[in-house]
Amino acid sequence: MSRRGRVTVGVLVGVFLLFTLLGWGIDAYTDWLWFNEVAFTNVFTGVLLTRLLLFVAVGLAMAVIIGVNLYLAYRLRPMLRPHSAEQATLERYRMIIAPRIGTWITVVCAVIGFFAGLSAQSRWKDWMLFRNAQPFGVKDPQFKVDIGFYVFEYPFWRYLLGVGFTAIVLSVIGALTVHYIFGGVRLQGVGDRMTSAARAHLTTLVAFFVLLKAVAYILDRRALLLEQHVSPGLYGAGYTDVNALLPAKEILAYISIVVAIAIIVFSNAVMRNLVWPGVALGLLAISAVAIGGIYPLTVQNFQVQPSLQDKESPYIARSIEATRAAFGLDKTQVSAYLASNTTPPANLPADTSAQNVRLIDPQLVSEAFTQSQQVRGFYDFGQKLDVDRYTTAGTTRDYVVGVREINDGQLTPQQRNWLNRHTVFTHGYGLVAAPANQVCGGGLPYFVSGFLGAGQQTNCSSPTEEIKVDQPRVYYGEQATEYAIVGQADKNKNVEFDRPQPGDNNAGERYTYTGTGGVPIGSTFRRFVFAIKNAESNFLLSDAVNSKSRLMYVRDPRTRVEKVAPFLTIDGDPYPAVVDGRIKWILDGYTTSSTYPYSQQINLQQQTRDELTNQGTFALARDNVNYMRNSVKATVDAYDGTVTLYEFDDQDPVLKAWNKAFGGHLITPKAETPPDLAEHFRYPADLFKVQRNLLARFHVVNPAEYFSGQDFWQVPNAPDNPDRQVQQPPYYLNVQLPGQEGTRFQLTSAVTPNNRQNLAALISGSYVDNQPRLEVLELPDQTVIPGPVQVHQKMTNNAAVRSELTLLSNSNQSQVLFGNLISLPIGDGMLYVEPVYVKSGQENAVPLLQKVLMSYGDGGEYVVLANSLKAGLDQLVAQGKNQSGTNSGNTGKPPASGTPPALTGQLAQAAADLDQAIANVKAAQQSGDFTRWGQAMQQLDTAMTNFQNAQKAAGAGGTPTGSPSTPASGAPSAPPSTNPTPGS
């Protein structure tokens, strides 16, 4: 290469390295600034130094091992080589390599060491846990070794073994190449094909490889407790593993040691050739196949398979016990619930749990929140809202809550310039809450907080804020995808859009951030750094960036906590809460492991996927784990972005190890959790899903019953659309279940028998004295109580219900949407409640809660479609009483004539009223008067209910003389009433 070419290549390489290192440097510096903002620099420095340490240590060790062997191969080269065509050909390579042998070896070792270091630095989690291992206080059932060895030490030992194998293999390849080039190994010519020095060198490396194989056999014995071996489909060592494979691997380890010694001795001291070392390696391979393969296979086929259940029972018991312990199922409280009552009890309307059933579906009312509470088009509440509980006026009840944020995607083209996106529309405003079982007359939620101003309140909201927030501004939220520049040097200049005000000509009230969130960027150097990082020159040129400016980035609460605690798996459903007058995001953090012996391994993404995944919730990563604890409750302040990690499981060894790894003060002790914050902790959804899915099988603790699989459960599909094959999500309820001492805010889910649709059990997760409580209400086998899919089908197929749903749906204009179907055990029976929403065909229409579909018992005999929760409970009780009276006075004989009997008395009057109500709806539809249409719909509901009651009271199966026709449910609903009532 010419001098100019060398200079050109050098310049290009230099420019490439400059920009690469500059990018790495800027990323590292801005990350450090961010961690300094949230006061977690110990995480940044701890992870960075650990990665650098592993990069240097493993990379240097790999380079040294390979370099020593390459240099040794060069030093052991023969000085005199026999003449041959082969050697003549290799002489050209020797002339190139020999003068600069040190340089060649250094370059090769540097490249290999660099990639080995890159691989090692990604193992920083394994190294940190290895160094800070904690005892579990529980021993594995086979080797009687503390579980902590498997969780903390085993992964890193396995990695080091892999590094050793790689180093030896590369050394053998490299040494063999050097020996060949310099004549130590020959393929042609007379005499030995390998010099004594080359033979000694290469056979020693092979012997070290075989010794590492002996270590691998020892670790493989422990690995058997982590792999899937136990029938049927369970993890851990089974009968064949314990009685055949474990002894086999121990024998193979001893054989490997003997073979390693034989290789060195026979090849260098006794026979000084490769025949016997080759024989020894062949015997090792044959032993591995015979002892490690054929023998266990024989035991499995001839001893285990003929009596599989008896042989595997002890190991099935081990797997059941380990799985229940690893996922926190071992303390599950199981109680029987007969559900023998199929008639609505008389005290049903007075039951507190029945009154507290949630009607507002967080997924369906998000649009209603947005339309009713946004005021400006760029406000948004997300795809799904959250459920929490608050105590107001001395009463604790659950609320559907959402944070009013700015959706950057909804800004108009005029608003989407750099100045507006990053300096004007910087924050949302307010936490909007609505009682979970209270609506206005038109079907909208009844809002009690988060008002933008007096002019924004309507007759569908409380006159005052019931959930008071001292600092309602939201700078950190789930919709915050853009960075924000806040702060002003001029105290009289406010540029941030705060909230709209009546009569402001759409200018809105302005605000200047006064908190401590964000990174100060007042200096020219920092502005220059962030201009490069964001590829945006306005950091240097715009007057919007001043000496008091602060840059907010990484504003999404979930990403923020993941960055602060990279060792945690964060729940997919963060939720906001008002704590001490501030809006705080609460997130559940999980510690996990994949090396808990005998525990069942699951895929987190598959086990937590249901109907709501990616619909306002985040899908978890595809991590395979067999240990999981909700160890941390994290909070993110919506105003200043402060991140706090609170210890929740103070017995978790994994969390203790991580806390120790970062100095011992990373996690706030559980005793220091503010009581106001603890009141808003709730059982985490993703952990509950994992536990629920595992309980579907691991509620069976008898090995024989587990082996048969007859008592397994399954999670039902979404009731209103089971063909989608997505699981029904669990629901938060503020109720008291049978056996509980009082009302709790808990997560509940129904399960059905495997491959059947009737109800098998109800699973609930709650907190009692700030400790998790998992409970199961198990129904008798072969119960006739229907599951969610069955009961939805029975309710919607009821003749009276179907006719009313038809009136609501108007297939050309409106859509009927079913909310969460709640299965609630009350009065020694089952109450089912499913809200019915109607979304008209008009543009920007929102789903409105129009009806409540309810049933009791077997889901088919007592069914009502009521205007409110209270009315539905009353109607169920009335149906129960009427049905009892009908059964006692009706002979059950059909009329003698095939002609239906004429309607008389009260039933005839009810039928006439129903016909008139239908006619009124038609007339109101044609008139276009929305108020009149809403009143007509309410009259129709009343007439339909009266007709059903009269029909049951008369014991007749007649039908009204008129044929009900479908009104235009796509027309707007009646205006909301000014005096909402609970359950209305």
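Summary of the structure given here. (Residues numbered from 1 in each chain as written. Predicted model: local features only at pLDDT ≥ 70, side-chain atom pairs only at ≥ 80, totals over all residues. Heavy atoms only, no water.)

### Remarks on the packing of aromatic side chains
Each pair of aromatic rings is reported with the distance of its centres and the angle of its planes.
Argument step 1. The tally for this structure, following the rule as stated, stands at 42 aromatic pairs.
Argument step 2. With a centroid separation of 5.7 Å and an interplanar angle of 80°, the aromatic rings of Phe 369 and Phe 381 are classed as edge-to-face. With Phe 369 in helix α12 (residues 366-373) and Phe 381 in the loop between β4 (379-380) and β5 (386-392), the pair connects residues that are twelve residues apart, well separated along the chain. Take Phe 369 and Phe 381: they sit in the same class, and that class is buried.
Argument step 3. Connected via pairs of aromatic rings, a cluster forms that spans Trp 127, Phe 130, Phe 156, Trp 157 and Tyr 159.
Argument step 4. Lys 670 extends its terminal NZ or CZ atom over the ring of Phe 648, reaching a point 4.8 Å from the ring centre. (Phe/Tyr/Trp six-rings, centres within 6.5 Å; stacked < 30°, edge-to-face > 60°. Helix = DSSP H or I, 4+ residues; strand = E, 2+ residues; numbered from the N terminus. Buried < 20%, exposed > 50% of the residue type's maximum accessible area, 1.4 Å probe, protein only. Lys NZ or Arg CZ within 6 Å of the ring centre and 35° of its normal.)

### Re the pattern of salt bridges
Argument step 1. A full pass over the atoms with the stated rule returns 29 salt bridges.
Argument step 2. Between Asp 588 and Lys 633 there is a salt bridge, with the nearest N and O atoms lying 2.3 Å from each other. A residue pair is termed long-range when its members are at least 10 positions apart, and Asp 588 in strand β18 (residues 582-593) and Lys 633 in strand β21 (residues 627-637) qualify at 45 residues.
Argument step 3. Under the relative-accessibility criterion, Asp 588 is labelled buried at 3%.
Argument step 4. For Lys 633, a relative accessible area of 0% corresponds to the buried category.
Argument step 5. Among the salt bridges present, the one from Asp 686 reaches Lys 689, with a minimum N-O distance of 3.7 Å. Taken together, the positions of Asp 686 and Lys 689, both in helix α20 (residues 685-698) and three residues apart, correspond to about one turn of that helix. Take Asp 686 and Lys 689: they sit in the same class, and that class is buried.
Argument step 6. Linked by salt bridges that have partners in common, Lys 384, Asp 386, Asp 573 and Arg 682 make up one network. (Salt bridge = Lys/Arg side-chain N within 4 Å of Asp/Glu carboxyl O.)

### Focus: the side chain of Thr 370
Argument step 1. Examined against the element boundaries, Thr 370 turns out to sit in helix α12.
Argument step 2. Overall, Thr 370 belongs to the buried group, its relative accessible area being 13%.
Argument step 3. Here Thr 370 is in contact with Tyr 379, Asp 380 and Phe 381, once residues within four sequence places are set aside. (Contact = heavy atoms within 4.5 Å.)

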